[in-house]
Amino acid sequence: MTLIKHEMKQGRLSLIIWTASIGFLFAVCLFLFPEMKGEMDGVSEIFSSMGSFTEAFGMDQINFGTLIGFYAVECGNILGLGGAFFAALCGISVLAKEEKEHTAEFLLTHPVNRSSIVTEKLISVMIQVTIMNVIVFGISILSIIAIGEEIPWKELLLLHLAYYLLQIELAGICFGISAFLKRGGLGIGLGIAAIMYFLNIIANITESAEFLKYITPFGYADGSDIVANGNIDIRMVLPGMIFCMVGIIAAYIKYCKKDIA
């Protein structure tokens, strides 16, 4: 528990900044919706006729003029991409930073084995990701109430669950990579999240590349698909959770045998 508290203390500024930024953008988008609502029908028609662009963001499957359609596209991209970056950054740095910051010698002289260190660091990453999602979800609910719209609970819960699973998967993958790094890898974490995002766009545009949805977590966290189908595709979630577990297991194996400078 001591190491968990230490990691939470070290990561609190990053958590506050990312949560505040994503929450603020959420609130801004939702407060803009009533002003734009009357013009959304025309916007939906324009978007539906933009070919590959429409397919890339799934705007051919939903009504942009409804709250949940607007939410899935605008707010979904904010939490999907922003949350992915945050989760990747949390995971990619948590094990590597001990060597980068030259604190490994101090940490490893304590009466605690390496597997316990990995476990507590993993728990701290998952707690941070969870806190961010809970706060953002609360902000979205309060914002919807403030603008006087009815809360679409089912779709909203499914969307946020999908984004949460997306972040857990990326955090797990980056956590595994972190065990192999010695000097940090913020660029690697951000790069992985960005690549996964663009793989989903490619899968949406090209039918021959639809298999990419089973590789990228953005495949099952596609807001337009969730709203249109009323569920999260478990066939895409399962491979993602396997990738996550592989990353976590790799972290344990590598870090417990690693020659730490």
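Owing to the predicted nature of the structure, the values given are computational and were not obtained by experimental measurement.

Conventions we followed
- Residues numbered from 1 in each chain as written.
- Predicted model: local features only at pLDDT ≥ 70, side-chain atom pairs only at ≥ 80, totals over all residues.
- Heavy atoms only, no water.
- Axes fitted to C-alpha atoms, helices over the stretch in contact; angles between N-to-C directions.
- Helix = DSSP H or I, 4+ residues; strand = E, 2+ residues; numbered from the N terminus.
- Parallel < 35°, antiparallel > 145°, perpendicular 65-115°, else oblique.
- Contact = heavy atoms within 4.5 Å.
- Nonpolar A, V, L, I, M, F, W, Y, C, P; charged D, E, K, R; others polar.
- pLDDT = per-residue confidence, 0-100.
- Core = buried A, V, L, I, M, F, W, Y, C linked by side-chain atoms within 4.5 Å.
- Buried < 20%, exposed > 50% of the residue type's maximum accessible area, 1.4 Å probe, protein only.
- Expected span 1.5 Å × (residues − 1).
- Salt bridge = Lys/Arg side-chain N within 4 Å of Asp/Glu carboxyl O.
- Bend = angle between axes of the 7 residues up to and from the residue.
- Phe/Tyr/Trp six-rings, centres within 6.5 Å; stacked < 30°, edge-to-face > 60°.

(A) Focus on the packing of helix α1 (residues 2–36) against helix α4 (residues 67–93). With their axes 10 Å apart at the nearest point, α1 and α4 run at an angle of 170 degrees to one another. Taken together, the axes of α1 and α4 are roughly antiparallel relative to one another. Contact residues: S14, L15, W18, I22, L25, F26, C29, L30, F33 and M36 in α1; L67, F70, Y71, E74, C75, I78, L79, G82, G83, F85, F86 and L89 in α4. Residue composition of the contact of α1 with α4, grouped by class: 18 nonpolar, three polar and one charged.

(B) Expanded view of the confidence of the model for the protein chain. Across the protein chain, pLDDT averages 84, with 84% of residues at or above 70. Taken element by element, the predicted model of the protein chain shows its lowest mean pLDDT in helix α3 (residues 52–56) (53) and its highest in helix α8 (residues 153–178) (95).

(C) Layout of the nonpolar core. In this structure, F26, Y71, L95, L156, L159 and Y220 are the most contacted members of the largest nonpolar core, which totals 75 residues. Elements with a contribution of two residues or more to this core: α1, α4, α7 (114–146), α8, α9 (186–205), α10 (223–229) and α11 (234–257). Top contributing element to this core by residue count: α4, with 15 residues. Once you skip the residues sitting within four places of it in the chain, L95 turns out to touch V118, K121, F175, S178, A179, A251 and Y255.

(D) Representation of α9. For α9, spanning 20 residues, the distance from its first C-alpha to its last is 29 Å, which sits close to the expected 28 Å at 1.5 Å a residue. Taken together, the buried positions of α9 are G189, I192, A193, M196, Y197, L199, N200, I201, A203 and N204.

(E) Representation of the pattern of salt bridges in the model. Across all of its chains, the model carries four salt bridges by this definition. We note a salt bridge from E7 to K121, for which the minimum N-O separation is 2.6 Å. One end of the pair, E7, is in helix α1; the other, K121, is in helix α7, with 114 residues separating them in the sequence. Residue class for K121 comes out buried when judged on its relative accessible area of 0%. Connected through shared salt-bridge partners, K213, D222 and D225 make up one network.

(F) Representation of the side chain of Q167 in the model. Within the fold, Q167 resides in helix α8. Overall, Q167 belongs to the buried group, its relative accessible area being 0%. The residues touching Q167, leaving out its near neighbours within four places in the chain, are L79, G83, A84, A87, V129, M132 and N133.

(G) Structural context of α1. With 35 residues, α1 should reach 51 Å at 1.5 Å per residue; the first-to-last C-alpha distance of 49 Å fits that figure. Maximal helix bending in α1 amounts to about 50 degrees, located at G11.

(H) Quick peek at the environment of Y164. On the secondary structure map, Y164 appears in helix α8. Its relative accessible area of 25% is what places Y164 among the partly exposed residues. Discounting chain neighbours no more than four positions away, the residues touching Y164 are V129, T130 and N133.

(I) Molecular detail of the packing of aromatic side chains. Throughout the structure, instances matching the rule amount to five aromatic pairs. Ring centres of W18 and F86 lie 6.2 Å apart, and the angle between their planes is 45 degrees; on these two criteria the pair is classed as tilted. One end of the pair, W18, is in helix α1; the other, F86, is in helix α4, with 68 residues separating them in the sequence. Take W18: its relative accessible area is 23%, and that puts it in the partly exposed class. On the basis of relative accessible area, F86 is assigned to the buried category, the value being 0%. Centroid distance Y197 to F218: 5.3 Å. Interplanar angle 80 degrees. Geometry classified as edge-to-face. On the criterion of sequence distance, the pair formed by Y197 in helix α9 and F218 in the loop between α9 and α10 is long-range, its members being 21 residues apart.

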